[in-house]
There are 2 protein chains.
Amino acid sequence: MQFHLDHTDAGTDARAGRIVTDHGVIETPTFMPVGTLGSVKAVEPRELHRDIDADIILGNTYHLFLRPGTDVLESAGGLHRFINWDGPILTDSGGFQVFSLGHRAELSEEGVEFQNHIDGDKHLFTPESVVDMQRSIGSDIMMVLDECPAADVSKEYARTSNELTLRWAERCKTRFEETEPHYGHEQALFAIVQGVVYPDVRRESARELVDMDFPGYAIGGLSVGETHTEMYDMVEAVTPLLPEDKPRYLMGVGTPENLLENVARGIDTFDCVMPTRNARNGTIFTTRGRMNIKNAQFEKDHTPIDPGLDNPVSQNFSRAYLRHLHKTGEILGLQLASIQNLAFYLWLMKTAREKIIAGHFDSWKADILPEINHRW
Amino acid sequence: MQFHLDHTDAGTDARAGRIVTDHGVIETPTFMPVGTLGSVKAVEPRELHRDIDADIILGNTYHLFLRPGTDVLESAGGLHRFINWDGPILTDSGGFQVFSLGHRAELSEEGVEFQNHIDGDKHLFTPESVVDMQRSIGSDIMMVLDECPAADVSKEYARTSNELTLRWAERCKTRFEETEPHYGHEQALFAIVQGVVYPDVRRESARELVDMDFPGYAIGGLSVGETHTEMYDMVEAVTPLLPEDKPRYLMGVGTPENLLENVARGIDTFDCVMPTRNARNGTIFTTRGRMNIKNAQFEKDHTPIDPGLDNPVSQNFSRAYLRHLHKTGEILGLQLASIQNLAFYLWLMKTAREKIIAGHFDSWKADILPEINHRW
């Protein structure tokens, strides 16, 4: 994996770059659609390519470990082949899901033991085992195992937790270096900066991880209940310490505004379930703002879902039809809304990239935020 | 609307024909995917064209009348524009749904009064109102209002019911001739032969309707609980009485075997929810037989869903992946299975057409029935 920094904005810390993987080039800033169980919900791989223009998607190691299991993925020749997606894939380490979905998670130096949320079976995830699992998955970008504390833990807890996460990062790196990819394509291992909402713990985490020399850095443990200001403050505390020539990934974030504000603070990649989850609830993100498609005002609105996006779904289906599909519970409503929302997120990041390169990012951001924040 | 009879089989009553509408040509025999509420469940219109190769889809007047309502469809410029489907559409009259889904249906000479299944509101459907509704929908092929008795009613009831259905057919035809299409394209009104499982009532129905001179004839009231032998007997009783130069539509039928057996008896078009409903339950129709995709045998079966079909869904996704999607309840599983099942149904009808034209229909049918009936 290589990272090329194409342009740095003059007025902000925004960057335009390219992450080069064996499965293709990821132009940054970008958004990674979430494919938890090996499927971006209600969206086909060809639609990710053609309508949404996604460069990379995300899978969840915790979920894939449980279903279909790494033995099935190994027998398929890896996740790419299993799900019929030939672009890059990033997987998380499972840490976040163990703490949020697993039951009775018991933390030790060795790793974390938990009962899964499907049938209650017990498992132990260690820094070594999550690297092994991600070797079996074959993701282009792998993540280290981390502890994800809640937003309201004490500073003391944050510091102790962070120290464990740093030791786990070192062990992940060792295991990564001792092992080989299974399917012939290169894999990279990214570190995760933790530290809850305490800037000095965040900085300590970043410094230590940078010393370990990873090819990319994520900021984790945000978007878990803290305020937006706290989130932006943590990103501002961390990004100046991260190497310029490595990609930066803000995990689990966020709203369209969150994305733009964090791009301005030097973040390159994002992931979040918001566009697909909200799609299924009838909340439609568009270049003109956020629509609750079930509202009566759309009953006879036969204009396209989003004239501002040039894919056939946004252009060829009407708001009235999308409303009808959502009101009647038709599956097609979930499909069209998911494509629209992801296409919007990707458009937002691609346009941000263009504006960064053209030198107009800051003024464009100021102009577009009221438009995309508009609710109707 | 025109019908061209291209070929009649020597060994059976199978026919190859073409129905020409203002929205395109329908090559017969064919299967019409069911789009109850203006959406073929879990399938996009472009997929109907490209992957499934459907010539025509079906909508349900009863459902469209309730949601979104004919005023919304009128404001959109008809159902084709509302749902972004530029091919032909057939709508039923609502009769079948009133009797199967409506509550407290009260039959009179005037029509049928019922409470709808959504909010219990009362409505009256008359021969005239269902023609008016289908004018608002703008379907290329409209159906007359009919009473659909259960399979086990007495012959006396069947005869009385049939007489009412014949009077309603006459009234539908009169209303049709008094009114004009709303959207500039031609609409045709088909009659429906009823008569339960009584051959002489069926024949009486067919003779009377043929005297009224409709441009096409459906056989209704089958696939409602009678045996397959009874179904085939009814079709055999009726088709010899129907004009050769008019299309014949067997409503609500059926399994792949039912389709081939009825093609052999001179039927041109079919519709049924089976391929899409079964897809959502994990039953996959393929050129090699019917698979319960949740079975353990498919856990590591990384061969394509159906190597015998040449669309990208059947070819590029594996049985193991489809199983995983169904086991985990992913929406994509419903999408891929629905495309596969409809693509199979359309392939079966297109291949039947080729074999009829080539003069090998009967031997091909004998060869393929054991293959497609195989269960695994």
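First, a word on scope: everything that follows refers to the structure included in this document. Please read all numbers here as calculations on a predicted model, not as lab measurements. (Residues numbered from 1 in each chain as written. Chains lettered and ligands numbered in written order. Predicted model: local features only at pLDDT ≥ 70, side-chain atom pairs only at ≥ 80, totals over all residues. Heavy atoms only, no water.)

**Describing a negative patch on the surface**
Residue and element names in this part refer to chain A.
Turning to step 1, where the next piece is worked out: Taken together, the side chains of E163, E204, E208 and D211 define an acidic patch exposed on the protein surface.
Turning to step 2, where the next piece is worked out: Broken down by element, the residue count for the negative patch peaks at three residues, all from helix α8 (residues 199-212).
Turning to step 3, where the next piece is worked out: Relative to the helices and strands, E208 resides in helix α8.
Turning to step 4, where the next piece is worked out: Judged by relative accessible area, which is 33%, E208 ranks as partly exposed. (Patch = residues over 30% accessible without salt bridge, like charges linked within 9 Å, V, L, I, M, F, W, Y side chains within 5 Å. Areas by Shrake-Rupley, 256 points an atom, 1.4 Å probe, with all protein chains shown as cover. Salt bridge = Lys/Arg side-chain N within 4 Å of Asp/Glu carboxyl O. Lys, Arg positive; Asp, Glu negative; His and termini not counted. Charge placed at Lys NZ, Arg CZ, Asp CG, Glu CD. Helix = DSSP H or I, 4+ residues; strand = E, 2+ residues; numbered from the N terminus. Buried < 20%, exposed > 50% of the residue type's maximum accessible area, 1.4 Å probe, protein only.)

**Here we look at helix α10 (residues 256-263) of chain A**
Turning to step 1, where the next piece is worked out: Summarising burial for α10(A): seven of the eight residues are buried, a large majority.
Turning to step 2, where the next piece is worked out: By the burial criterion, the buried members of α10(A) are A:P256, A:N258, A:L259, A:L260, A:E261, A:N262 and A:V263.

**Description of the side chain of A:T12**
Turning to step 1, where the next piece is worked out: With respect to the helices, strands and loops of the structure, A:T12 is situated in the loop between β1 (2-8) and β2 (15-21).
Turning to step 2, where the next piece is worked out: A polar side-chain atom of A:T12 sits 2.7 Å from a polar atom in the side chain of A:D9. (Polar contact = N/O pair within 3.5 Å; in protein donor to acceptor, adjacent residues only side chain to side chain.)

**Looking at the interface of chain B and chain A**
Turning to step 1, where the next piece is worked out: Chain B puts 42 residues into the contact, and the matching count from chain A is 42 residues.
Turning to step 2, where the next piece is worked out: In this assembly, chain B packs against chain A so that about 3,400 Å² is buried in total across both faces, 54% of it on carbon and sulfur atoms.
Turning to step 3, where the next piece is worked out: Taken together, chain B and chain A are joined by eight salt bridges.
Turning to step 4, where the next piece is worked out: In this structure, B:K41 and A:E330 form a salt bridge, with 2.5 Å as the shortest nitrogen-oxygen distance.
Turning to step 5, where the next piece is worked out: Counting the contacts that link chain B with chain A gives 18 residue pairs in polar contact (both at pLDDT 80 or more).
Turning to step 6, where the next piece is worked out: When residues of the side of chain B that touches chain A are traced back to their parent elements, those giving at least two are α1 (45-52), α3 (70-76), α4 (79-83), α12 (312-316), α13 (319-327) and α14 (331-358) of chain B.
Turning to step 7, where the next piece is worked out: Here the residues of the side of chain B that touches chain A are counted per class, giving 19 nonpolar, 10 polar and 13 charged. (Contact = heavy atoms within 4.5 Å. Buried area = accessible area lost by both parts, 1.4 Å probe. Nonpolar A, V, L, I, M, F, W, Y, C, P; charged D, E, K, R; others polar.)

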